[in-house]
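Descriptive structure summary
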Amino acid sequence: MMLLGTQNINSRNHLEIGGCDVADLAAEFGTPLYVMDEKAIRDKCRAYKQAFAREYGDVDIAYASKAFILTAMCALVDQEGFWLDVASAGELYTAKRADFSMGKVIFHGNNKSADELEMAVEYGVKYVVVDSFVELELLSSIAEDAGKTQGIMLRCNPGVDPHTHRLISTGQEDSKFGFNIRNGLAMTAVRQAVAAKGISLEGLHCHVGSQLFDITPFTEAAPVMANFIRQVGDETRVEIEVLDMGGGLGVRYLEEHNPPSVAEFAKIVSESVITAVAAAGIAKPRLILEPGRSIVGEAGTTLYSVGPIKEVHIAEDPGVRTYLSVDGGLSDNPRPALYDAVYSAILANKAGNEPTKAYTVSGRHCETDMLIPRVLLPEAKTGDLLAVQTTGAYNHAMASNYNRFTRPPVVFVMDGKAELVARRETLEDLVKCDVVPERLVKDSPKV
Ligand SMILES: Cc1ncc(COP(=O)(O)O)c(C=O)c1O
């Protein structure tokens, strides 16, 4: 069995996270419930800071908030001395609500709206990562009109294959993101940025992909970026001071997964950049990293109550499958449907029992929403508690109200204490944006 972070099996044979018995958490907060292991998150933040400080020196680590964002999460990473990567007005607004220092915020997106750019300039974010020529012009006029100079990075496409799922691959040449270095578009963007009013080109950015177990794409991207920094210096006399290498480190979803540790990742990325800048003959830039999944992924566990358990008997193949239905599914975790994502689970109220039976864990949406196609568990009964592991990243953040399900609450657990950081949505929340035209109001005389 795989136990992550502070997960443990206690004397009641129950799964415990952050010193909290998950059966008690389910009784107090209901299910489904997202449980975030605060110590595990803080440990990851510290591992990143220490490893990169040791291996590289001048580094800022920005948490990629798209992985999991709540006001409390912004406050937590702020306490850990992190920067923040946001990619929408909503993420930026959440950061503002957390009173996150805007001088440590990086604003991303391949199609930011004028409203979002105005908001970023007004808030005074440190860098807008410009992703298109349209955005370059728009941002320049917005900042100029506001009488400000907005710091920018240019998102570059290094033309590197990240060897991960196609939907989370971004660094290859055929991508909607960034300016292609090889075909010269990135250099054109640099020239336009240097000539534009209201903006100041300070850095270059690339992000090759997500859930990477193989760090080779970083070692391939580093020389491309370093050579481009030199080319920019040679052709425009602008010295690029900041290099942002994005996020991407993978996490453990299954026991057999073996992603590189943060220390290994920091060593290889740092060495690649140091070697590449030396070879390119340029000054060592300040480095920025933007990890998301590897900060929160393994720290999250989703608790579900087990509902009906059905043996499927097909005449030709009896007992072919046992469906174990849980009280959530596609709406709280769309990743299996999106990416064929894989997960491990623990029968949390019988955590130490021998896993003897294969189950198919399905959700309760109006389609075949399978959370886990096959997992070995102890003999399960309706009313048991199922803990699906490694659900901290891109789960709550990607949750929806499909079938008008209310989104589950989130608790932070640490040192035996559980604190609500997002309450469960109510039925009233679900209808609060609905508008009924007068002619559709029941018994309206106008019909
Ligand atoms: C620009 C950028 N930075 C950082 C990240 C975070 O990646 P990860 O969660 O894999 O660390 C992403 C994820 O898509 C991204 O697009």
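In this text, all values refer to a predicted model and were calculated from it rather than measured experimentally.

Side note on the packing of helix H2 (residues 38–55) against helix H3 (residues 71–79)
Relative to each other, H2 and H3 sit at 45°, their axes nearing to 10 Å. In terms of axis orientation, H2 runs oblique to H3. Considering only the axes of H2 and H3, their crossing is right-handed. Contacts from Glu38, Ile41, Arg42 and Cys45 in H2 reach Met73, Leu76, Val77 and Gln79 in H3. Here the contact of H2 with H3 is composed, by residue class, of five nonpolar, one polar and two charged.

Notes on the domain arrangement of the protein
One can read the domain layout of the protein as domain 1 (8–37 + 299–431) and domain 2 (108–291). For domain 1 versus domain 2, the distance between C-alpha centres works out to 36 Å. Across the contact, seven residues belong to domain 1 and nine residues belong to domain 2. The junction of domain 1 with domain 2 conceals about 750 Å² of combined surface from both sides, 59% of it contributed by carbon and sulfur atoms. It is Tyr339, Val342 and Thr390 that lose the most area in domain 1 upon contact with domain 2, and together they represent 60% of the buried surface on that side. Taken together, the connections running from domain 1 to domain 2 amount to zero salt bridges. In this structure, the connection of domain 1 to domain 2 is made through two residue pairs in polar contact (both at pLDDT 80 or more). Grouping the constituent residues of the side of domain 1 that touches domain 2 by class yields four nonpolar, two polar and one charged.

Notes on the site of the ligand
Close to the ligand lie 15 residues; Ser210, Gly248, Glu290, Arg293 and Tyr394 are nearest. Between an oxygen atom of the ligand and a side-chain N or O atom of Lys66, the distance comes to 3.4 Å. Between the ligand and Glu290 there is a distance of 2.7 Å, counted from a nitrogen atom to a side-chain nitrogen or oxygen. In isolation the ligand has 400 Å² of accessible area, and contact with the protein removes 91% of it.

Overview of helix H6 (residues 133–145)
Here H6 spans 18 Å end to end across 13 residues, near enough to the 18 Å set by a 1.5 Å rise per residue. Once H6 finishes, Gly147 follows within two positions and takes phi at roughly 70°, a positive value.

Considering unusual backbone geometry
A cis geometry characterises the amide bond from Thr31 onward to Pro32, with omega recorded as -10°. Checked against the element boundaries, Pro32 lands in the loop between helix H1 (22–29) and strand E4 (33–37). You will see that Gln211, though not glycine, has its phi angle at about 55°, which is positive. Within the element layout of this structure, Gln211 appears in the loop between strand E11 (199–205) and helix H8 (216–236). Residue classification places Gln211 among the buried positions, given a relative accessible area of 15%. One non-glycine residue, Arg237, adopts positive backbone phi at about 65°. Looking at where Arg237 falls in the secondary structure, it is placed in the loop between H8 and strand E12 (242–244). Looking at Arg237, the relative accessible area reads 68%, which means it is exposed.

Description of the environment of Asp85
Position of Asp85 relative to the elements: it lies in strand E6 (residues 83–86). Between the alpha carbons of Asp85 and Ala95 there is a distance of 9.6 Å; along the sequence they are ten residues apart.

Re the packing of aromatic side chains
Centre-to-centre distance and the angle between the planes together describe a pair of aromatic rings. Going through the model one piece at a time under the given rule, you end up with seven aromatic pairs. Look at Tyr48 and Phe52: their rings are 6.1 Å apart centre to centre, the planes differ by 5°, and that puts the pair in the stacked class. In this pair, Tyr48 and Phe52 both sit in helix H2, four residues apart, roughly one turn of the helix. The two residues Tyr48 and Phe52 agree in class, both being buried. Centre to centre, the rings of Tyr253 and Tyr343 are 5.4 Å apart; their planes meet at 90°, and the pair counts as edge-to-face. In this pair, Tyr253 sits in the loop between E12 and helix H9 (262–280) while Tyr343 sits in the loop between helix H11 (335–339) and strand E16 (345–347), placing the two residues 90 residues apart along the sequence. Here Tyr343 falls in the buried class, since its relative accessible area comes to 4%. A network of ring pairs unites the aromatic residues Tyr48, Phe52, Phe218 and Phe265 as a single cluster. In this structure, Lys96 is placed above the aromatic ring of Tyr123, and the distance from its NZ or CZ to the ring centre is 4.7 Å. Above the plane of the ring of Tyr56 lies Lys284, whose end atom (NZ or CZ) is 4.4 Å from the centre.

Cut-off values and rules
- Residues numbered from 1 in each chain as written.
- Predicted model: local features only at pLDDT ≥ 70, side-chain atom pairs only at ≥ 80, totals over all residues.
- Heavy atoms only, no water.
- Axes fitted to C-alpha atoms, helices over the stretch in contact; angles between N-to-C directions.
- Helix = DSSP H or I, 4+ residues; strand = E, 2+ residues; numbered from the N terminus.
- Parallel < 35°, antiparallel > 145°, perpendicular 65-115°, else oblique.
- Left-handed = near helix turned anticlockwise from the far one by under 90°.
- Contact = heavy atoms within 4.5 Å.
- Nonpolar A, V, L, I, M, F, W, Y, C, P; charged D, E, K, R; others polar.
- Domains from an automatic or database assignment.
- Buried area = accessible area lost by both parts, 1.4 Å probe.
- Salt bridge = Lys/Arg side-chain N within 4 Å of Asp/Glu carboxyl O.
- Polar contact = N/O pair within 3.5 Å; in protein donor to acceptor, adjacent residues only side chain to side chain.
- Near = heavy atom within 4 Å.
- Areas by Shrake-Rupley, 256 points an atom, 1.4 Å probe, with all protein chains shown as cover.
- Expected span 1.5 Å × (residues − 1).
- Buried < 20%, exposed > 50% of the residue type's maximum accessible area, 1.4 Å probe, protein only.
- Phe/Tyr/Trp six-rings, centres within 6.5 Å; stacked < 30°, edge-to-face > 60°.
- Lys NZ or Arg CZ within 6 Å of the ring centre and 35° of its normal.

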